[in-house]
Amino acid sequence: MHASLADILSDLVQNSIEAGATFVQVELTEEDSQVFFRIQDNGCGMDEETLRRAEDPFWSDGKKHPGRRVGLGIPFLRQTAEQCEGQVEIHSVLGKGTEVKAQWPQNHLDAPPLGDIVLLWVLCLTFEGGYGMNIRRTRQGGQGTSQSYAIDRVEVSEALGGLDDAGALGLLREYITSLEEEIG
Amino acid sequence: MAKMTLESLRKLRVEQKEAIERRDTGDKSIHIIVGMGTCGIAAGAKEALNVFLGEAYTRKMTNVVVKQTGCMGLCHAEPTVEVKMDGMPDTLYGKVDADVAKKIVEQHLLGGKLVNEHVFDYPARDIHKE
Ligand SMILES: Nc1ncnc2c1ncn2[C@@H]1O[C@H](COP(=O)(O)OP(=O)(O)OP(=O)(O)O)[C@@H](O)[C@H]1O
Ligand code: FES
Ligand SMILES: [Mg+2]
């Protein structure tokens, strides 16, 4: 189904946006051959029952996919983490928001590839609506020192005068590519 | 590539806008809406979207608006892409992978001709209403 970590992450961020979040914090860190990520939103949150069902691969709240009742985001994350001996933690409070954290060894045979991180951030930043988002990306270099960059949706949107037309998105892609190369 | 700052990003955007004004493409904007439901993504919607962004940028077609939307309820035809522009009927394309996306840019956006093999005409919508 999903091929990369970028796919899993964009799915989870999409969940946050769909939950009506007005602010989403996204973190992605590669360190000591572990990959770690965290998505925190202030969306509608889930009560225990909903969270339990969200873990079920054969359940989706039925509002979205007229053709199917199967959600894949969270169960797929669990399955991926399990198959490469990693961990997932989900905290959610109804009416407050949700936090999803996961970690696994990057060099595990069954670990998914990282995927296209530049495209991932472009996608995360261009969902419809006026939400805020802060992205923090950290990577350990060859000498063991970590480098990181941050992207703030309000800031880039302001610099580009909106994130609508392909001209702005093209420049956004160039911008993120340069940040990603810098820590590469 | 040298590291870009928010300042350089802002500057590039100003230059880009000036270039557009000189060419005066008017406000005939083209809208491309890519269905990014789970099925769409699994079937390659991200790659298609990336092609639209790349092509529009390198061809300096800055009057193009590229948007992602959620599930369109058309699993079997994913990835789906809707194209709206002056002088052409609003068109829904199905099974748009990276190659088809490129074809849509060249044929539909620039050539004013539908990519017939991939035009999808909403029969599923009526079925869902039942
Ligand atoms: N961040 C979140 N905040 C609130 N509810 C959430 C969040 N993430 C998931 N959920 C709930 O869990 C359900 C299952 O999520 P999941 O991503 O597995 O499927 P889906 O979003 O319904 O469909 P798909 O991701 O396949 O398009 C969602 O329908 C939603 O009700
Ligand atoms: S993405 Fe296929 S039915 Fe929603
Ligand atoms: Mg989801």
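Check the entry above for the structure.
Residues numbered from 1 in each chain as written. Chains lettered and ligands numbered in written order. Predicted model: local features only at pLDDT ≥ 70, side-chain atom pairs only at ≥ 80, totals over all residues. Heavy atoms only, no water.

Colleague: For the overall build of chain B, give the residues involved together with the corresponding values.
Modeller: A count of helical and extended segments in chain B gives five helices and four strands. Put simply, chain B runs from its N terminus to its C terminus through helices and strands in the order α-β-α-α-β-β-β-α-α. A separation threshold of at least 6 residues defines the contact pool for chain B, and within that pool the share at least 24 residues apart is 64%. Carbon together with sulfur atoms contributes 52% to the accessible area of chain B, which is approximately 6,800 Å² in total. (Helix = DSSP H or I, 4+ residues; strand = E, 2+ residues; numbered from the N terminus. Contact = heavy atoms within 4.5 Å. Areas by Shrake-Rupley, 256 points an atom, 1.4 Å probe, with all protein chains shown as cover.)

Colleague: Give me the lowdown on the overall build of chain A, citing residues and values where you can.
Modeller: From N to C terminus, chain A includes six helices and six strands. Residues classed as buried in chain A amount to 52% of the 184 residues present. Here the analysis covers contacts within chain A between residues at least 6 apart in sequence; of these, 58% occur between residues at least 24 apart. (Buried < 20%, exposed > 50% of the residue type's maximum accessible area, 1.4 Å probe, protein only.)

Colleague: Lay out the interface of chain A and chain B with the relevant residues and their values.
Modeller: Interfaces are frequently sized by the accessible area removed from exposure as the parts join. Listed as interface residues are 41 residues of chain A and, on the opposing side, 35 residues of chain B. Linking chain A with chain B are four salt bridges. The shortest N-O distance in the salt bridge between Lys46(B) and Asp7(A) comes to 2.5 Å. For the interface between chain A and chain B, the tally reads twelve residue pairs in polar contact (both at pLDDT 80 or more). Only helix H1 (5–18), helix H4 (117–125), helix H5 (153–160) and helix H6 (166–182) of chain A provide two or more residues apiece to the side of chain A that touches chain B. (Salt bridge = Lys/Arg side-chain N within 4 Å of Asp/Glu carboxyl O. Polar contact = N/O pair within 3.5 Å; in protein donor to acceptor, adjacent residues only side chain to side chain.)

Colleague: Go over the pattern of salt bridges with me, naming the residues and quoting the values.
Modeller: Residue and element names in this part refer to chain A. Per the counting criterion, the structure on display carries 16 salt bridges over all chains. The partner of Arg 53 in a salt bridge is Glu 49, and the shortest N-O contact between them spans 3.7 Å. Taken together, the residues Arg 53 and Glu 49, both in helix H2 (residues 48–54) and four residues apart, mark about one turn of the helix. Overlapping salt bridges bring together Glu 30, Arg 137, Arg 139 and Glu 180 as one network.

Colleague: Can you break down the nonpolar core residue by residue, with the values?
Modeller: Residue and element names in this part refer to chain A. Phe 37, Trp 104, Trp 121 and Ile 176 are the most contacted members of the largest nonpolar core, which has 85 residues in total. At nine residues, H4 tops the list of elements feeding residues into this core. Residues in contact with Phe 37, not counting those within four places in the same chain, are Leu 5, Ile 8, Leu 9, Leu 12, Glu 27, Leu 28, Leu 77, Val 100, Lys 101, Ala 102 and Trp 104. (Core = buried A, V, L, I, M, F, W, Y, C linked by side-chain atoms within 4.5 Å.)

Colleague: Just give me the short version of the packing of H1(A) against helix H3 (residues 73–83) of chain A, but keep the residues and values in it.
Modeller: Residue and element names in this part refer to chain A. Between H1 and H3, the shortest axis-to-axis distance is 10 Å and the interhelical angle comes to 145°. With respect to the hand of their crossing, H1 and H3 are arranged in left-handed fashion. Only Gly 73, Ile 74, Phe 76, Leu 77 and Thr 80 of H3 make contact with H1, whose side of the interface consists of Ile 8, Asp 11, Leu 12 and Asn 15. Across the contact of H1 with H3, the residue classes break down as five nonpolar, three polar and one charged. (Axes fitted to C-alpha atoms, helices over the stretch in contact; angles between N-to-C directions. Left-handed = near helix turned anticlockwise from the far one by under 90°. Nonpolar A, V, L, I, M, F, W, Y, C, P; charged D, E, K, R; others polar.)

Colleague: I'd like a description of the sheet that holds strand E5 (residues 132–140) of chain A, backed by residues and values.
Modeller: One key point about sheets: their strands pair by backbone hydrogen bonds, in either a parallel or an antiparallel sense. All names here are of chain A. Strand order in the open sheet formed by six strands is E3-E4-E2-E1-E5-E6, with mixed pairing between adjacent strands. Pairing within the sheet leaves two strands with one partner each, and these edge strands are strand E3 (87–93) and strand E6 (146–152). Strand after strand, the sheet turns through a mean of 5° between neighbouring axes, direction not considered. Two strands pair when backbone bridges link them, and strand E2 (residues 34–41) and strand E4 (residues 97–105) are joined in this way by eight bridges, in the antiparallel orientation. Residue pairing for E4: Phe 37 is matched across the bridge by Ala 102. Across the face of the sheet, H1 comes into contact with strand E1 (23–31), E2, E4 and E5 while running at roughly 10° to E2. Packing against the sheet, H3 makes contact with E2, E3 and E4, and its axis sits at approximately 150° to E3. (Pairing = 2+ DSSP bridges.)

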